[in-house]
Amino acid sequence: MKVKDYTYYFFIGVGGIGMSALARYFLALGKEVHGYDKTKTSLTEQLQKEGVHIQFTDDVSSLSPNFNPDNCLVVYTPAVPKDLQILKHFYDQGFEVVKRSQLLGKLTHETKCMAIAGTHGKTTTSAILGHLLYEAGKPVTAFIGGILENYQSNVIIGGTDITVVEADEFDRSFLQLHPEYAVITSMDADHLDIYGNPLELENSFREFAGQVKKNVFVKAGIEIEGAISYGAEVQADYFADNIVISNAQFSFDITTPQGKIHDIQMSLPGRHNIENALAAVCIALQIGVSENEIKKGLESFKGVKRRFTRNTLPNGKVIIDDYAHHPTELNAIISATKNFYPQQKILGVFQPHLYSRTRDFIDDFAASLNKLEHLILLDIYPARELPIEGVTSQWLAQKMGRDVEVVSLANAIETIKQKDFDVLLLLGAGDIDTLYKPAQMIWHE
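Residues numbered from 1 in each chain as written. Predicted model: local features only at pLDDT ≥ 70, side-chain atom pairs only at ≥ 80, totals over all residues. Heavy atoms only, no water.

As a further point, take the sheet that holds strand β20 (residues 405–407). On the basis of which strands lie adjacent, the open sheet formed by six strands has the order β16-β17-β21-β18-β19-β20 and mixed pairing. The sheet is open, and its two borders are formed by β16 (309–312) and β20, each paired with just one other strand. With strand direction ignored, the average angle separating the axes of adjacent strands in the sheet is 20°. Where strand β18 (residues 346–350) and strand β21 (residues 423–427) come together, five bridges link them in parallel fashion. Note that in β21 the partner of Ile346 across the bridge is Val423. Contacts from helix α10 (residues 327–340) reach β16, β17 (318–322), β18 and β21 within the one sheet, and its direction differs from that of β21 by about 165°. (Pairing = 2+ DSSP bridges. Helix = DSSP H or I, 4+ residues; strand = E, 2+ residues; numbered from the N terminus. Axes fitted to C-alpha atoms, helices over the stretch in contact; angles between N-to-C directions. Contact = heavy atoms within 4.5 Å.)

This is the structure we're talking about:
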């Protein structure tokens, strides 16, 4: 049976950003969507309002009696425990049970797939590309690993001929994909708990590139045989130059093998986002988006939540929330913040994500965070991991070689209230985002 032919869809870990996009997609197709998650969040609340039936207990008796192996597809994320009773029940009863990446792979096999890979920049690049195609009237569905400000959703549905997806390197998920076009934004070492060493990670990206049917576009400096390069103010096949910052907005030109697109306006901060936009433009041009549509689309793109989400309060303080959780991402966001606010006092608050990542990149994290003169560290967010002896935020503070305050998430707001700053920069992929609204409320005066 094709994956679109089931009556019911059950998502285990439905509150995850990737899972919820798929849940919304099947809901839009008129299917009955159910799911399980261990934690209630603002996203699960929104899904319930939209019509997804969610249970928060691992209780087989709570499952609908209407489910059977002929009418219900079960989808799970690798982040859920393997001993989950619901998951075991579905396996034991003979249901078709697939990973999220497998479902995405099956969906994209039936469409023209545009895949964005890379250890950084996937979500923003995918979001920009989905927005450009949607605004140009292309029949596109885009699955995004974040909530788009323009759509207040993590899925764009404008048709089913074209799909835009993030090609996730975690547990080699992207090898489920065989896209028409693809981008590789970066191959920096990450997920070493999966790959063991950087070379294995790079080999996996090269294997993915070998599955692309047409063109692979790579950021200048990445070595993939036969790939087309892009970059900002560098020698590349596609490049951006004449970059100017004015009133917290970029303007720049793009040079392509076919000519030049002049005076593009974009409000996303940071040179890395010019590169992300350029990567999206490379593919958009391949599938018939005009230069004028590209300019209009980039100017109207409002960004992705937790990717430099910022709010200027009435008293002039600025609060920025960003997902950065790798040293390369921290370098990019700290640089962007300093460029946009060169005279202001910036206070950074960083929540490390995963014990293994903290251990593997401890010196790089220390170097990146030392670019912030004022910093508070939160305890490590464990996500799917158990603690590793000696790997703590206190150890990271010691590696920085300076006096850095380490506090719990629960005590963070009280600590922040005691500090003097103009810009508050909240950084991390865990639950640090729960500080964004409380911080705004305190200084909204």
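Moving on from the coordinates now.
Counting 71 residues, the largest nonpolar core has Leu129, Leu133, Ile283 and Phe350 as its most contacted members. Among the elements that take part in this core, helix α8 (residues 271–286) stands out by supplying nine residues, more than any other. When neighbours within four sequence positions are excluded, Leu133 is seen to be in contact with Lys138, Val140, Ile162, Val164, Ala284, Ile287 and Val289. Leu47, Val52, Leu103 and Ala209 belong to the second largest nonpolar core, which has 44 residues in total. (Core = buried A, V, L, I, M, F, W, Y, C linked by side-chain atoms within 4.5 Å. Buried < 20%, exposed > 50% of the residue type's maximum accessible area, 1.4 Å probe, protein only.)

The next thing to look at is the sheet that holds strand β2 (residues 32–36). Picture the strands of a sheet paired through backbone hydrogen bonds; they go either parallel or antiparallel. Strand order in the open sheet formed by five strands is β3-β2-β1-β4-β5, with parallel pairing between adjacent strands. Every other strand in the sheet has two partners, leaving β3 (53–55) and β5 (96–99) as the edge strands with one partner each. Across the sheet, the mean angle separating the axes of adjacent strands is 20° when strand polarity is ignored. Lying on the sheet, helix α4 (residues 100–109) is in contact with β1 (8–12), β4 (72–76) and β5; it crosses β5 at an angle near 95°.

Our focus in this paragraph is helix α1 (residues 17–28). Given a rise of 1.5 Å per residue, 12 residues ought to cover 16 Å, and the 17 Å separating the end C-alpha atoms of α1 matches this to within 8%. Of all 12 residues in α1, nine are buried; the element is thus mostly enclosed. Every buried residue of α1 is accounted for by Gly18, Met19, Ser20, Ala21, Leu22, Ala23, Arg24, Tyr25 and Phe26. (Expected span 1.5 Å × (residues − 1).)

Inspection of every chain in the model, using the stated rule, returns 16 aromatic pairs. Arranged with centres 4.1 Å apart and planes meeting at 20°, the rings of Tyr9 and Phe26 form a pair that is stacked. With Tyr9 in strand β1 and Phe26 in helix α1, this pair connects stretches of sequence that are 17 residues apart. You'll find Tyr9 and Phe26 in the same group, each marked buried. Considering the side-chain rings of Phe174 and Phe205, the 5.2 Å spacing of their centres and the 85° angle between planes classify their relative orientation as edge-to-face. Here Phe174, found in the loop between β9 (162–167) and β10 (181–184), pairs with Phe205, found in helix α7 (residues 198–210); they are 31 residues apart in sequence, far enough to count as distant. Exposure remark for Phe174: the relative accessible area of 0% places this residue in the buried category. The exposure class assigned to Phe205 is buried, which follows from its relative accessible area of 0%. (Phe/Tyr/Trp six-rings, centres within 6.5 Å; stacked < 30°, edge-to-face > 60°.)

This paragraph deals with the packing of α1 against α4. Running from amino to carboxyl end, α1 crosses α4 at an angle of 45°, the nearest separation of the two axes being 10 Å. Taken together, the axis directions place α1 and α4 in an arrangement best described as oblique. Read as a crossing pair, α1 and α4 show a hand that is left-handed. Each of Gly18, Met19, Leu22, Tyr25 and Phe26 in α1 lies in contact with α4, whose residues at this interface are Arg100, Leu103, Leu104 and Leu107. By residue class, the composition of the contact of α1 with α4 is seven nonpolar, one polar and one charged. (Parallel < 35°, antiparallel > 145°, perpendicular 65-115°, else oblique. Left-handed = near helix turned anticlockwise from the far one by under 90°. Nonpolar A, V, L, I, M, F, W, Y, C, P; charged D, E, K, R; others polar.)

Purely geometric numbers; function is a separate question.
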